Protein chains: 2
Amino acid sequence: MAIVVLNSATSGINTRTTLTERLTASDLPIRLDPTIRSQALRVHAALRTGILEGLLPAGLKLPSSRALAMQLGMGRNAVVAAYEHLLSDGLVETRQGAGTFVAAGLPAPQAAPSPPMPPVERPDRGAFALGRTHVEPAFLARLGAAVRRRIAGASLSDLDYGDPRGSAHLRQQIARFLAVHRGIRCDPACIVIVSGTQHGLRLCANALLSPGDPVWVEDPGYDAAKTALTAAGARLIPVSVDREGIDIAAGIGAAPHARAVYVTPSHQFPTGVTLSMRRRVALLDWAQRAGAWVFEDDYDSEFRYAGPPLTALAGLSAERVIYIGTFAKTLFPGLRLGYLVLPPSAVRPVLAERAAFDRFPQKFLQDAVADVIADGTVAAHLRRMRTRYAAARELLIEALPTASGGLLHPDAPDQGLHLIAYLAPEVDPGCAPWIRDRAGIVARLLSETRLIPGGREGFVLGFSGHTVADLRDGAARLGAATQEAAAVFP
Amino acid sequence: MAIVVLNSATSGINTRTTLTERLTASDLPIRLDPTIRSQALRVHAALRTGILEGLLPAGLKLPSSRALAMQLGMGRNAVVAAYEHLLSDGLVETRQGAGTFVAAGLPAPQAAPSPPMPPVERPDRGAFALGRTHVEPAFLARLGAAVRRRIAGASLSDLDYGDPRGSAHLRQQIARFLAVHRGIRCDPACIVIVSGTQHGLRLCANALLSPGDPVWVEDPGYDAAKTALTAAGARLIPVSVDREGIDIAAGIGAAPHARAVYVTPSHQFPTGVTLSMRRRVALLDWAQRAGAWVFEDDYDSEFRYAGPPLTALAGLSAERVIYIGTFAKTLFPGLRLGYLVLPPSAVRPVLAERAAFDRFPQKFLQDAVADVIADGTVAAHLRRMRTRYAAARELLIEALPTASGGLLHPDAPDQGLHLIAYLAPEVDPGCAPWIRDRAGIVARLLSETRLIPGGREGFVLGFSGHTVADLRDGAARLGAATQEAAAVFP
């Protein structure tokens, strides 16, 4: 079989000899993919790839269909069909009486994309990493069984375009939970299931704010919230936090006409302070007067170690407060489930934003989570986790002062899955990054959660979802490094 | 037991007598929720709700803990704890020697939010509705079993914060599929799993465009894409579509420095035209010169009725083209799975945008879909659906001319899940909305997909996922209404 390079000048191949030698009948440089069933498609795909990769250069005469079919051990019709497809692709040309040629004028062959595996940032996962949770195999087995039932029994409408608010079943369960535990009475029609706190906050900020709008944020405060608000075009106004929580008077002084405020009232992130009732009333008064939105992030109120939490802001005002809840802490972050409770006036704009973004959420997992809430599985899980996390918290509260010779002062939180170990005044706060490196831990520094420099320094330590051994070991290393810092940098 | 209203002026209750009468010991107007296990929490929740709803008005003296405990048949400690929680809530006050009173100065009680069930827009689902698919119970059973296995066998990292690109397993399966069927060679590291075409397009537009950037869109064209681009701040430049697809010269004439173009090259939506190879080359040349992004929406290329599709644009240029694929058509829209194939230079900005939006996607369902791709279940499903949808297409192509007495001209598509039934020249195009109403069908009009008025009128009819009976019936009604229109509006 003769394979001839008609136009080596445009072929991009070094020499005619090389190509002609390589393209003997038995090794046309194409790879047939055995998983393609149709012979015609298999030949077509192989030739197409060869042409686009430049292995079959422009102007190359292809073997006759008969010859190629014989070589490949296929029916001739398959090769004829493949050639026809290549012709309709514009990848080959026929010349009267002369045969089939690789078309000229195709884009220069791409080098095989040398995959530049881009660095993907994922939170560090060592001891003290925030946001980890513990999940028992039995819980996963139940959840898995529930999802299987939901998928196997899917209705036509489950398969179709769905409700932008997500599963009605889950929204009902959430409304019920909020009424009992958070003093929030809401209609499930005003609940929107989202992927998590940040997703919910971003949807709301996109929907309800305009670029450049000033928004109060707690300082120190939660990074992911600041990221979402900034991405939505908001101008962040840091407002200091004291022992009663965010300082409403300071916020009014800095930006009285802010369009929104982001707060973590039941357990301020990261300090753990609870927003006092009089501050709550002052905040809602201001929001009402200013026509501002209150984004209430209630991220870990399910884990209380001392009494029930204060009623949520959304339980005090149904007009200006958007309540944001998450299953990332009660269950696990990989579940990607959170929710918004919207005032009626915010429902339409937020759903319009969702319609222009991710449209509507997947429903099977939501329905299954509702199933394991309804049958008591989640409540039982929470009871066990409260005990477990309380023990982890106790462990750190005891271990850190001892390990540090009294130089770390853990602040015992009433609630949640992290604590702050404050540096004693006798340690230079500037040492904190050195201590962290020395200890080889992943904790955030309190100073890293601030927009306005100053204030006490400390380590924000997650204690949930880590083994006792890891926590003990982390505390020992952090304590030792702190003592070393005090000695080295007196 | 004495319950006295101390301050009826602030109570919001009509008369002292009324309240005193109502609040006899046995019917303090609170509801105990039997599902709350802890007695203390049960009493606390009930009293809190009563206070916040105004049923227990400011200044009301609460019964002594002993008296209430007796009435409720509980231990006194539970009631004492509930009162303490209410005190720390700021919802009650104690007065030296006088007892416990509902606090003054609380926000006015909210009326129970009269649920204004906001209208939620979901696509209409009658015969000819677009984007429906057929899914067999056996497929759902396999998918459900795969998800159950994935959840029950979840690793620690499956539960934790995850890869913003989604499941590595699914990205590998997609890369393999694209290499074989679409001529695209890509590294799974450059694939990002999204919820669907619109979600992917919006992420890219947010990440890669600036507000006000001009973007070419096909005219007529796909609404949801225009919605997403507009929401990202793009300025849409409608570019006409002819028999070779989008008119590149017209686009260059209208906006030579556009920052991006949105195209459906393999099967233009809604016209069904395939972008010719010379237009493909011209488009990529322009994009390269202009430094513009090409958003290639390849929404239904898995359903071909005549030969393989042209190689995707992303198979011709790895630098400027962002390929957008979806499982909404191959499987079903409720699955919420699509994907982006990004040029290496776009990976970082798109992942940064995801980090500020929905962070990372849920992985179990993705892994499970990868499992049913890897084991051949999806390929078998696609083979059966091709046969089924081809038959539905044939049905309409035959039925519409007959039913309309030749006044509807269905354009037989080579690909996809919809066709256009053009109105014959003898019917006034202005009648189309009348015909649609008269026939009681949900089809979009071709004119409704255009930004620039003019051109032929027709009905965009989805034929997948509908029963034969529905399609026959819809065709009969549409044909009859068209004939009626021709008679009524000659």
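Residues numbered from 1 in each chain as written. Chains lettered and ligands numbered in written order. Predicted model: local features only at pLDDT ≥ 70, side-chain atom pairs only at ≥ 80, totals over all residues. Heavy atoms only, no water.

1. Some words on the pattern of salt bridges
Residues and elements named next belong to chain A. Going through the model one piece at a time under the given rule, you end up with 41 salt bridges over all chains. Linking Arg165 and Asp163 is a salt bridge whose minimum nitrogen-to-oxygen distance equals 2.9 Å. When its relative accessible area of 3% is taken as the criterion, Arg165 is described as buried. Given a relative accessible area of 14%, Asp163 falls into the buried group. (Salt bridge = Lys/Arg side-chain N within 4 Å of Asp/Glu carboxyl O. Buried < 20%, exposed > 50% of the residue type's maximum accessible area, 1.4 Å probe, protein only.)

2. Observations regarding the domain arrangement of chain A
Residue and element names in this part refer to chain A. When the domains of chain A are assigned, the result is domain 1 (2-102), domain 2 (163-362) and domain 3 (389-488). Taking the mean C-alpha position of each, domain 2 and domain 3 sit 28 Å from one another. The partner domain 3 presents 20 residues to the 23 residues of domain 2 that form the contact. Counting each side, the surface lost to burial between domain 2 and domain 3 is near 1,800 Å², with a carbon and sulfur contribution of 57%. The interface formed by domain 2 and domain 3 includes one salt bridge. Here Arg444 and Asp223 are joined by a salt bridge, their closest N and O atoms 2.3 Å apart. One can count 13 residue pairs in polar contact (both at pLDDT 80 or more) joining domain 2 with domain 3. Of all the elements in the fold, those that place two or more residues in the side of domain 2 that touches domain 3 are strand E4 (214-219), helix H9 (223-231) and strand E5 (235-242). Grouping the constituent residues of the side of domain 2 that touches domain 3 by class yields eleven nonpolar, five polar and seven charged. (Domains from an automatic or database assignment. Contact = heavy atoms within 4.5 Å. Buried area = accessible area lost by both parts, 1.4 Å probe. Polar contact = N/O pair within 3.5 Å; in protein donor to acceptor, adjacent residues only side chain to side chain. Helix = DSSP H or I, 4+ residues; strand = E, 2+ residues; numbered from the N terminus. Nonpolar A, V, L, I, M, F, W, Y, C, P; charged D, E, K, R; others polar.)

3. Observations concerning the relation of the copies chain B and chain A
Overlay of chain B on chain A (RMSD 0.1 Å): rotation 180 degrees, translation along the axis 0.0 Å. Here the symmetry operator amounts to a two-fold rotation axis. Minimal C-alpha distance to the rotation axis in chain B is attained by Arg148 of chain B, lying at 2.7 Å. Here 100% of the contact residues of chain B are again contact residues in chain A; the copies associate through an equivalent surface. (Least-squares fit on C-alpha atoms with pLDDT ≥ 70 in both.)

4. Observations concerning the nonpolar core
Side chains of a nonpolar character, in soluble globular proteins, are inclined to be buried together. Ranked by size, the top nonpolar core spans 215 residues in total, and within it Leu461 of chain A together with Leu461 of chain B carry the most contacts. When residues in this core are grouped by element, the largest group, nine residues, is from helix H15 (residues 377-403) of chain B. Once residues within four sequence positions are removed from consideration, Leu461 of chain B is found in contact with Phe128, Leu130, Leu396, Leu400, Leu417, His418, Leu419, Ala421, Ile441, Ala443 and Leu478 of chain B. Residues Ala232 and Leu446 of chain A together with Leu229 and Leu351 of chain B belong to the second largest nonpolar core, which totals 66 residues. (Core = buried A, V, L, I, M, F, W, Y, C linked by side-chain atoms within 4.5 Å.)

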